[in-house]
Amino acid sequence: MALEDKLNQAKGAVKENAGKLTDDKQMQAEGAVENTVAKVKDAADSVVNDIKKTADDAKDAVEGAISGLKNALGNDDK
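Residues numbered from 1 in each chain as written. Predicted model: local features only at pLDDT ≥ 70, side-chain atom pairs only at ≥ 80, totals over all residues. Heavy atoms only, no water.

Draft legend 1. Quick look at the overall build of the chain. Secondary structure summary: the chain contains 2 helices and 0 strands in total. Here the C-alpha radius of gyration of the chain, 24 Å, is well above what a compact globule of 78 residues would show, namely 12 Å. When its C-alpha atoms are laid out on the principal axes, the chain stretches across 75 × 15 × 10 Å. Buried residues in the chain amount to 12% of all 78 residues. Within the chain, contacts between residues at least 6 apart in sequence are counted, and of these 35% link residues at least 24 apart. Accessible surface for the chain amounts to roughly 6100 Å². Of this, 59% is attributable to carbon and sulfur atoms. Looking at the chain, you have 12 positive and 16 negative side-chain charges, and the mean spots of the two groups are 2 Å apart. (Helix = DSSP H or I, 4+ residues; strand = E, 2+ residues; numbered from the N terminus. Rg over C-alpha atoms; globule rule 2.2 N^0.38 Å. Buried < 20%, exposed > 50% of the residue type's maximum accessible area, 1.4 Å probe, protein only. Contact = heavy atoms within 4.5 Å. Areas by Shrake-Rupley, 256 points an atom, 1.4 Å probe, with all protein chains shown as cover. Lys, Arg positive; Asp, Glu negative; His and termini not counted. Charge placed at Lys NZ, Arg CZ, Asp CG, Glu CD.)

Draft legend 2. Region of interest: the environment of Asp-24. Following the sequence through the fold, Asp-24 ends up in the loop between α1 (3-22) and α2 (25-73). A distance of 3.1 Å separates a polar side-chain atom of Asp-24 from the backbone nitrogen of Met-27. (Polar contact = N/O pair within 3.5 Å; in protein donor to acceptor, adjacent residues only side chain to side chain.)

Draft legend 3. Expanded view of the UniProt feature "domain: CsbD-like" (unreviewed entry) in the chain. What UniProt calls "domain: CsbD-like" (unreviewed entry) maps, in this numbering, to residues 4-52. Within residues 4-52, the helical portion is 96% and the strand portion 0%, while the C-alpha atoms at the span's ends are 21 Å from each other. (UniProt positions renumbered as here; feature names shortened; annotations may be inferred.)

Draft legend 4. Quick look at unusual backbone geometry. With a phi close to 60°, Asp-23 is a non-glycine residue in the positive phi region. Here Asp-23 shows up in the loop between α1 and α2. Its relative accessible area of 55% is what places Asp-23 among the exposed residues.

See below:
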């Protein structure tokens, strides 16, 4: 989780709870939205990181397969 997203989640939660305590529906709604937006951004960042890792793993696997084929064929040129 990015630090900024974590801070925005906390800020939104505090704002939402302050709105509940003071019976300020607008502040409560704003806090809930800020909290949710930060959670969505964090989830999106996580998905992007997972996709990058999967792509890197696939690249490594292909490179390994090519290297293995070259070795099997006796062609050590890279």
